[in-house]
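# Structure assessment
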Amino acid sequence: MAKNGCVCYSTACVVILALILPSSDSTNSRDVGVEYSVAGINRDYRTEVKSLSDAHLWRVRRQAPGEANGTSSENGSAPTPAGVTMPPVDPTTTARPPATTRAPATTQRPPATTTPTPTTIRPPQTPAPQTPAPTPTTMRPPQTPAPQTPAPQTPEPQTQRPGGTTESPIIVKDNHNYYTSAIFPGYADQYFIELDNPSSQGTLNSGHRLAVTIALPFKFRFYGHNITNITVATGGFIYMSPFLHQWLTATQYIAPLMANFETSASTDSNIFYKQVGEEFIIEWHNVFLKDQTTGVFVFQTKLKSDGTITFVYKSLPIPVSNISSSNHPVKIGLSDAFYNDTFLPEYGIKRRTIIEYHRVPILKEQVEEGTVIVLSPLPTCNVITDCGTCAQHSNVKFDCKWCNRVSRCSDGLDWYRQDWEKKGCKSSNSNDGSCDSGSKNGSVAAIIAVVLILVVLFGSAAIWVFYAYTHPTSPSGMWLMEHRPSQMKAKLASMKFWKKSTPAGTKYACETEA
């Protein structure tokens, strides 16, 4: 059966409702028009994609090119790179520099000669004598002799930028409600980890549009959900949901650089992974673009046990904005969705609708060779485990609500949204998010009182029996002997039963000598 691009077979159909941002990052067809092969897919499931209005992504605060968010007070939670002394940022440079900042990155790209723009600014040593002119007037007047005489000492002022420039890096920070992002240009050398004896999968190292599920060594929180298995794809991203389907690029991903990569073009192309301390590192090593002639890409994703995600870009032979998205979506960032299962009796089909509810988009212009992106998780409702904290949610920006019917805290947007609505947690009369502590405490107290009474009764009876048994001449002992089981049997044997007639009818009578 085919209807509106949805192909459904005998048992089930899967629908993805993708909330598409108005940008060149992705389109409806490109998001789900790329099929990946991964073990564990039920081939009875097929996918349809629909585009909803942008109003449904009201939680996404997308940064526009040139927007200065580095000084925002709410971005204070974005971390500074560990073990790195940040250079002083010139207050006059509040906005991000234009595209000329890619010049240092292009110095290490041999294939860049095919691109007209990078070749004009490629040699960094040629304009080196011109850099000291603006340097003493704008940023560092006292250090005028330092950059002029020893040219090799340009990295010494802790700028850490490739290409020999003394310009301070522009750190771009943003708040995405679920995560904060911090973009550090030129810190890849300090963040990139050379993996010794890493693990790899033969499937990932010899193909195109392939994915393999890998077990994590620890529980990793993704949008507040505990993840124990991830699905690593050759296309430069990680699929995070346990529900596997063909259209992995649509949503529920961690994408350091989602593109049309392949690993079969060279024996040196690999996808490695290894645990290093508290981090699980996935590296796309010397991968090529399938439909473009470029050099090799080398980048890593680090998943930390506290939920922090780090992207490290060691080698980008061309600007990310020049990567073609005609045959594969090109994305950088995060995405998550929830499910809605329905049954269509007229077709006998079980349908699963996947609805994207949030996305953390990183602009392509913000990523260049040497860039490091740190995504730090913010508190969410679904990580709260008790009613009192959920009702206060002082450190959570979402409208958290505790539902006693499911014993869970949520704002209604997470993986278990359907169960939340099915149990009536969305309605205003489901405790209104308040904790009914009085009735709960009263019920618990009543149960404890009954248990205590029963314990006292049975304990007293046991003590009386023990006393009577050990003191046979006492009244209790005499009574126990008279009513011991052997005596009761004799009394029952001496009892006589007969029928007698009364005005009300025949009934039984009993006579005993006891």
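Rules behind the numbers
Residues numbered from 1 in each chain as written. Predicted model: local features only at pLDDT ≥ 70, side-chain atom pairs only at ≥ 80, totals over all residues. Heavy atoms only, no water. Helix = DSSP H or I, 4+ residues; strand = E, 2+ residues; numbered from the N terminus. Buried < 20%, exposed > 50% of the residue type's maximum accessible area, 1.4 Å probe, protein only. Contact = heavy atoms within 4.5 Å. Phe/Tyr/Trp six-rings, centres within 6.5 Å; stacked < 30°, edge-to-face > 60°. Pairing = 2+ DSSP bridges. UniProt positions renumbered as here; feature names shortened; annotations may be inferred. Disulfide = S-S within 2.5 Å. Core = buried A, V, L, I, M, F, W, Y, C linked by side-chain atoms within 4.5 Å. Patch = residues over 30% accessible without salt bridge, like charges linked within 9 Å, V, L, I, M, F, W, Y side chains within 5 Å. Areas by Shrake-Rupley, 256 points an atom, 1.4 Å probe, with all protein chains shown as cover. Salt bridge = Lys/Arg side-chain N within 4 Å of Asp/Glu carboxyl O. pLDDT = per-residue confidence, 0-100.

Here we take up the overall build of the chain. From N to C terminus, the chain includes 11 helices and 24 strands. Out of the 514 residues in the chain, the part that is buried amounts to 46%. Put simply, of all contacts in the chain between residues at least 6 apart along the chain, 65% involve residues at least 24 apart.

A word on the packing of aromatic side chains. Counted by the stated rule, this structure contains 16 aromatic pairs. When the centroid spacing of 5.1 Å and the interplanar angle of 65 degrees are considered together, the rings of F261 and F297 count as edge-to-face. A residue pair is termed long-range when its members are at least 10 positions apart, and F261 in strand β13 (residues 261-262) and F297 in strand β16 (residues 297-304) qualify at 36 residues. For the pair formed by F261 and F297, the shared burial category is buried. Each ring, one from Y273 and one from F280, has its centre 6.0 Å from the other, and the planes form 40 degrees; the classification is tilted. Residue classification places Y273 among the buried positions, given a relative accessible area of 12%. The class for F280 is buried, based on a relative accessible area of 4%.

Attention shifts here to the pairing of strand β19 (residues 349-361). Across the 13 residues of β19, 11 count as buried, placing the element largely inside the fold. Taken together, the 12 bridges between strand β18 (residues 331-344) and β19 define a ladder with antiparallel strand orientation. Bridge pairing in β19 links F338 to I355. Linking β18 to β19, which pair antiparallel, is a turn of four residues; within it G348 sits at a positive phi near 65 degrees.

Here the UniProt feature "transmembrane region" (unreviewed entry) sits at residues 444-469. The straight-line gap between the two end C-alpha atoms of residues 444-469 is 38 Å; of that span, 100% is helix and 0% is strand.

Further remarks concern the state of the cysteines. Within the structure shown, the criterion is met by three disulfides. Covalently, C390 is tied to C409 through a disulfide, its sulfur atoms 2.1 Å apart. On the sign convention where negative means left-handed, the S-S torsion of about 80 degrees between C390 and C409 marks this disulfide as right-handed. With C390 in helix α7 (residues 387-392) and C409 in strand β22 (residues 408-410), the pair connects residues that are 19 residues apart, well separated along the chain. Per residue, the accessibility class of C390 equals that of C409, and both read buried.

Turning next to the nonpolar core. Counting residues in hydrophobic clusters, the biggest one holds 61 residues, and the most contacted among them are I230, I254, L257, I282 and F297. In terms of residues, this core owes the most to one element, strand β9 (residues 210-222), which gives six residues. F297 has contacts with L257, F261, W284, H285, N286, V287, L289, S315, L316, P317, I318 and I323, leaving out every residue within four places of it along the chain. Of all hydrophobic cores here, the second largest spans 17 residues; its members include V38, A211, L244 and A255.

Side chains of V450, I453, L454, L457 and F458 sit close together on the surface and give an oily, nonpolar patch of about 530 Å² of accessible area. Position of L457 among the secondary structure elements: in helix α9 (residues 437-470). Since its relative accessible area comes to 54%, L457 is described here as exposed.

What follows concerns the pattern of salt bridges. Inspection of every chain in the model, using the stated rule, returns eight salt bridges. R359 serves as the salt-bridge partner of E356, at 3.1 Å between the closest nitrogen and oxygen. With its nearest N and O atoms 3.4 Å apart, the salt bridge here joins K423 to D419. Residue D419 is classed as partly exposed on the basis of its relative accessible area of 31%. Taken together, the shared-partner salt bridges in this structure form one network comprising R417, E421 and K426.

Once that is clear, we can look at the pairing of strand β17 (residues 309-315). Within β17, six of the seven residues are buried, leaving the element largely enclosed by the surrounding structure. Two strands pair when backbone bridges link them, and β16 and β17 are joined in this way by six bridges, in the antiparallel orientation. What sits directly across from K302, in β17, is T310. Where β16 folds back onto β17 in an antiparallel hairpin, the turn is made up of four residues, including G307, whose phi is positive at roughly 100 degrees. Examined bridge by bridge, β17 and strand β20 (residues 372-377) share four bridges and lie antiparallel to one another. Bridging across to β20, I309 finds its partner in L375.

Glancing now at the confidence of the model for the chain. Chain-level statistics for the chain give a pLDDT mean of 74 and a share of 60% at 70 or above. Considering only residues more than four positions removed or in separate chains, one finds that residues 58-78, a stretch of pLDDT under 50, has 50 contacts.

With that out of the way, let us pick up unusual backbone geometry. Of note, Q252 is a non-glycine position whose phi angle comes to about 60 degrees, a positive value. With respect to the helices and strands, the residue Q252 is situated in the loop between β11 (237-239) and β12 (253-258). Phi is positive for H393, which is not a glycine, with a value near 30 degrees.

Inspection of the secondary structure puts Y253 in strand β12. Distance from Y253 to L334, taken between C-alpha atoms, is 5.7 Å for residues 81 residues apart in sequence. Excluding residues within four positions of it along the chain, Y253 makes contact with F222, F237, I238, Y239, M240, M258, K331, G333, L334, S335 and R359.

Structurally, the position occupied by L375 is in strand β20. Along the primary structure L375 and G307 are separated by 68 residues, whereas in three dimensions their C-alpha atoms are 8.8 Å apart. If we skip the residues at most four places from it in the chain, L375 touches Y179, T180, S181, G307, T308, I309, F311, L334 and V360.

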